Amino acid sequence: MTYRRGTAIIVISIGLALLVGAVAWQWPTIRHAAISVSPDDRPNIVLIVSDDQRYDTMNAMPSLVKFMEQGTTFSSAYTTTPLCCPARASILTGLYAHNHGVLGNRPPYGFPAFDDSSTIATWLHDSGYQTALIGKYLNDYNTDDAKYLPKGWDVFRSFLDKPGYDEFTLTNFVDEQWVETKTYNKSDGEYSTHLLTDFTREFIDDSTSSAQPFFLMFTPYAPHSPATPPTEYRRGTDTFPDVASYNEADVSDKTEWVNVLPELSTIEQNSIDRAQRNVYGSLRALDDDIQKLIETLRASGELDNTVIIYIGDNGVHWGEHRIADGKTTPYEESIHVPLLMYDGRSPSSGTDERLVLNIDLAPTIADIANVTATSSMDGRSIFSTEPWREEFLTECWGGEDAPPFTSLHRNDMVFIQYEGDQQELYDLSKDPYQLQNLVNDPTHQAVVEEMNATLKNIEKCQGNSCP
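Residues numbered from 1 in each chain as written. Predicted model: local features only at pLDDT ≥ 70, side-chain atom pairs only at ≥ 80, totals over all residues. Heavy atoms only, no water.

Draft legend 1. Layout of the state of the cysteines. A full pass over the atoms with the stated rule returns one disulfide. Shown here is the disulfide that connects Cys461 with Cys466, its sulfur atoms set 2.1 Å apart. Between Cys461 and Cys466 the disulfide shows an S-S torsion of about 95°. By sign, it is right-handed. Of the residues examined, Cys466 reaches a relative accessible area of 5% and is grouped as buried. Here Cys84 stays free of any disulfide, with the sulfur of Cys85 as its closest cysteine sulfur at 8.2 Å. Cys84 gets classed as buried once you look at its relative accessible area, which sits at 1%. Cys84 provides the cysteine sulfur closest to Cys396, a residue in no disulfide bond, and the two sulfurs are 11 Å apart. Residue classification places Cys396 among the buried positions, given a relative accessible area of 3%. (Disulfide = S-S within 2.5 Å. Buried < 20%, exposed > 50% of the residue type's maximum accessible area, 1.4 Å probe, protein only.)

Draft legend 2. Spotlight on the sheet that holds strand 17 (residues 413-418). Pairing is antiparallel in the open sheet, where four strands are placed in the order 15-16-17-18. Looking at the sheet topology across the chains shown, the edges are occupied by strand 15 (391-396) and strand 18 (422-427). The sheet shows a mean angle of 15° between the axes of neighbouring strands, direction not considered. Bridge count between strand 15 and strand 16 (residues 405-410): six bridges; the pairing is antiparallel. (Pairing = 2+ DSSP bridges. Helix = DSSP H or I, 4+ residues; strand = E, 2+ residues; numbered from the N terminus. Axes fitted to C-alpha atoms, helices over the stretch in contact; angles between N-to-C directions.)

Draft legend 3. Geometry of a negative patch on the surface. A surface patch of negative charge is lined by Asp198, Glu202, Asp205 and Asp206. Positionally, Asp205 belongs in helix 5 (residues 192-207). (Patch = residues over 30% accessible without salt bridge, like charges linked within 9 Å, V, L, I, M, F, W, Y side chains within 5 Å. Areas by Shrake-Rupley, 256 points an atom, 1.4 Å probe, with all protein chains shown as cover. Salt bridge = Lys/Arg side-chain N within 4 Å of Asp/Glu carboxyl O. Lys, Arg positive; Asp, Glu negative; His and termini not counted. Charge placed at Lys NZ, Arg CZ, Asp CG, Glu CD.)

Draft legend 4. Quick look at the packing of aromatic side chains. Summed over the entire model, instances satisfying the criterion amount to 22 aromatic pairs. Pairing Phe159 with Phe168 gives two aromatic rings, centres 5.8 Å apart and planes at 80°, and the pair type is edge-to-face. Here Phe159 and Phe168 have matching classes, each one buried. Centre to centre, the rings of Tyr165 and Tyr191 are 5.9 Å apart; their planes meet at 20°, and the pair counts as stacked. Here Tyr165 is found in the loop between strand 7 (155-160) and strand 8 (168-174), whereas its partner Tyr191 is found in the loop between strand 9 (177-184) and helix 5, with 26 residues between them in sequence. Owing to a relative accessible area of 4%, Tyr165 belongs among the buried residues under this scheme. Site record: aromatic cluster; members linked through ring pairs are Phe111, Tyr137, Tyr141, Tyr148, Trp153, Phe156, Phe173 and Phe215. The cationic tip of Lys147 hangs over the ring face of Trp178; the distance from NZ or CZ to the ring centre is 4.3 Å. (Phe/Tyr/Trp six-rings, centres within 6.5 Å; stacked < 30°, edge-to-face > 60°. Lys NZ or Arg CZ within 6 Å of the ring centre and 35° of its normal.)

Listed below in structure tokens is the structure:
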């Protein structure tokens, strides 16, 4: 076909592993510099975000991993808040949660607390992009909001109330007009990941006949618990992450919320095993569906003009440090996520080891689309030529899994401050599974004091004052 614009971009989000096409700073066609680019020359952008995917589960998605061999893997990608709604609000805005104000999933937070007036959707929509979100939006977007269209979206097919796999409700806006709200149940035989993929492929097909570029966010529920894969994706031969901190033998060095946890019972371990198998099955189903999206782009002639980014919103525990499940912790299992990027314009393989955050997606997408955000951001574009960060903040306001905390990652050192003045310190270069808390080690007291002071200085950072 004859291309009506120069480039297409696809972004994919998940909760675990990271892959990206070409090393960011080597991509010559995207720059922050003021270059006159007509709308027809701008790329499509598709952002795919998985839900609660651990960074170490990409072996469940062999097709995506194979495809991303032509892309870049971001090996040190992190979420700044390990909880669905705050993390997704950060992806949409480029802001830490303490700045966008969505501090939790439930009221008074969640969707009602989110200001949707300035997001990647509004920036791209106002600059001429067709925009679509298909899948999960923000927690507590519910049936009372079914006819409310968040700003910036032309097409919006979102879960209402609690998302699901075979029982769920979707609202549907087309061309910014509400069309219907529809509930699906088991008798319908619809599996949400497959159905959302069909809707996404329809959007791609419809958009390729337009002169406008498009921005698509594909946000399935997979592999969030209780993961429920179709029968054909269940198997008993998976190889799960072998993590030394699983059912940790000695947690006496940890702070109180962990050191009171008993060792996992046989029942709990069997439950974790079942959860892992279901997660892997749901990821295999998602893997196949992503390949269908890629084939749709290839068939339309757009794949060569497409950048694909894949990220998870946050991770989850599977028995590490005796934590049977959950995610609102400062440990690697919760905050380390997969991130992958593919640029069809110049496919090349590479690994990017920089500390890249979920708050970097919005400025990166704005850079790719050559648009100016209408509000300041805390993150930075991966294409920035400025010296890259060597530290970052994580924050969480508590949940069922851990007390509120802030933490500072500085290269391989991790300092954690819990509510109530309890602290932990880990050296990931020597202790990647965070088995030994060094906070009371006399040889590390200078590090503890300095990192504690830095953390206090940045925990309310804004814009350029953020690391």
